[in-house]
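Residue-level listing of the chains:
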Amino acid sequence: MSVVAGAVPRTIEWVGGLDGHVSMIDQTRLPVDLVMLQCRDAKTIWDAIRRLSVRGAPAIGIAGAMGVVLGVRDDSGKDREGFLQHLDEVCDYLASSRPTGVNLFGALERMRGCARSFESNDVEALKAALLDEARLIRDEDAAMCREIGRHGESLIESGAGVLTHCNAGSLATAEYGTATAPMYTAHAAGRRFRVYADETRPLLQGSRLTAWELQRAGIDVTVLCDNMAGALLRSGKVNVVITGADRIAANGDVANKIGTYGLAVLAKEHDVPFYVAAPTTTLDPDTPDGSTIPIEERDPDEIRCGFGKQTAPPDVACYCPAFDVTPAKLIAGIITERGLIQPVNERCVAEILGACPS
Ligand code: MRU
């Protein structure tokens, strides 16, 4: 581990060649310490995903892809079939780290596909191709986030109030973020507005991460506790709500950080448009609707004893889903790198996916 001074480093990147390592911001340490975590094997990546050192659906996908490279790069003396079998085992292992964000599974499938379609039996060359693929997944995510910013920036006018939940920012992606991309783009265009960041209990991604990165970017940000969102919306200070997504079903239902659904209901009640920003890698056409999206349950101690502070009786039962599902009917639009999905329904989701170069 190393402490970093000065400019913010990349959320996650591969450093060096095939014998290099993955370097990521350890997000469990923010906003107090900006510390890099160096990962040299698949287990360190798995642990980093599980404990949320790296988090946010796109960043988890990138970590998974790089974790595959770490998991197979020391394979020696294996023929192609033996190598592919081990690669499958590494992918299955990494897939068991967190269940809800679909980008992880998409990235792992891409790594498997890259290996299977590699035409030579030269295992060393195949390892190099896998590293290229993992780096490409990172670079593509960065480019998609920029495009999301371009498509979503007009939602944020000068003087606007923008409410967001959790962290769907640079820290949750390769760079620029999804929900934050329209904010960064509007800010770069000279518009001045205020972002309200829900604290996001129990792990405080809003106050620890979103507030940290927006403040560093010079964007006016105000933190509120989650239970203040209703009063804020009623006050008329919010013109638009923008959140990220962990998985979007074929009918447009959106799984995102727990609390997103409540926010969407509140936004509807107050006639404030509720938008979701996500790359098409977060769309899951194989999941028909939100009811079958697997929702991660986390350790009750994150609620009872968060950040080492006992805030409930040690043995009290807790309800602790990490995500919830917002029905498509509550969502004004989904901002993707290919444009807006609007209205949010099965046909429009399929249309955006159909625009996909296969
Ligand atoms: O549990 P987390 O911190 O990984 O949850 C993250 C979110 O819910 C984000 O909103 C989502 O992954 C989108 S990130 C661009």
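Bear in mind that the values here come from a model prediction, so they are computed numbers and not experimental data.

1. What to know about the overall build of the protein
- Secondary structure summary: the protein contains 11 helices and 15 strands in total.
- Scaling as 2.2 N^0.38, a compact globule of 358 residues should have a C-alpha radius of gyration of about 21 Å, and the protein matches this with 20 Å.
- With the principal axes as the frame, the protein shows a C-alpha extent of 65 × 50 × 40 Å.
- In the protein, which comprises 358 residues, the proportion classed as buried is 55%.
- The long-range fraction of contacts in the protein, counting pairs at least 24 apart against all pairs at least 6 apart in sequence, stands at 74%.
- Carbon and sulfur atoms provide 52% of the accessible area of the protein, an area that totals close to 14800 Å².

2. Topic: the layout of surface pockets
- Reported here for the largest pocket is a volume of approximately 460 Å³.
- At the level of secondary structure, the elements contributing two or more residues to the lining of the largest pocket comprise helix H2 (57-72), helix H4 (102-116), helix H5 (123-152) and strand S12 (283-284).
- Here the element with the most residues in the lining of the largest pocket is H4; it accounts for 7 residues.
- Tallied by class, the residues present in the lining of the largest pocket amount to 11 nonpolar, 5 polar and 6 charged.
- When residues of the lining of the largest pocket are assigned to domains, at least three fall in each of domain 1 (12-146) and domain 2 (149-353).
- Estimates place the volume of the second largest pocket at around 300 Å³.
- Val8, Ser170, Tyr176, Tyr184 and Glu213 are the residues nearest the centre of the second largest pocket, which is lined by 18 residues in total.

3. With respect to the pairing of strand S5 (residues 161-164)
- Taking every second residue as pointing to the same face, both faces of S5 are buried, with Gly161 and Leu163 on one and Val162 and Thr164 on the other.
- As paired strands, S5 and strand S6 (residues 194-198) are joined by 4 bridges and run parallel to one another. Residue pairing across strands places Gly161 opposite Arg194, the latter belonging to S6.
- Of the crossover connections in this fold, the one passing from S5 over helix H6 (residues 181-188) to the parallel S6 is right-handed.

Reading guide: rules and limits
- Residues numbered from 1 in each chain as written.
- Predicted model: local features only at pLDDT ≥ 70, side-chain atom pairs only at ≥ 80, totals over all residues.
- Heavy atoms only, no water.
- Helix = DSSP H or I, 4+ residues; strand = E, 2+ residues; numbered from the N terminus.
- Rg over C-alpha atoms; globule rule 2.2 N^0.38 Å.
- Buried < 20%, exposed > 50% of the residue type's maximum accessible area, 1.4 Å probe, protein only.
- Contact = heavy atoms within 4.5 Å.
- Areas by Shrake-Rupley, 256 points an atom, 1.4 Å probe, with all protein chains shown as cover.
- 1 Å grid on protein atoms, 1.4 Å probe; cavity = no way out; pocket = protein on both sides within 12 Å on 5 of 7 lines; lining within 4 Å.
- Points joined across faces, edges and corners; volume = space filled by probe spheres on them.
- Nonpolar A, V, L, I, M, F, W, Y, C, P; charged D, E, K, R; others polar.
- Domains from an automatic or database assignment.
- Pairing = 2+ DSSP bridges.
- Right-handed = clockwise from strand over helix to strand, strands pointing away.

Note that every value here comes from positions in space, so none of it alone points to a role or purpose.
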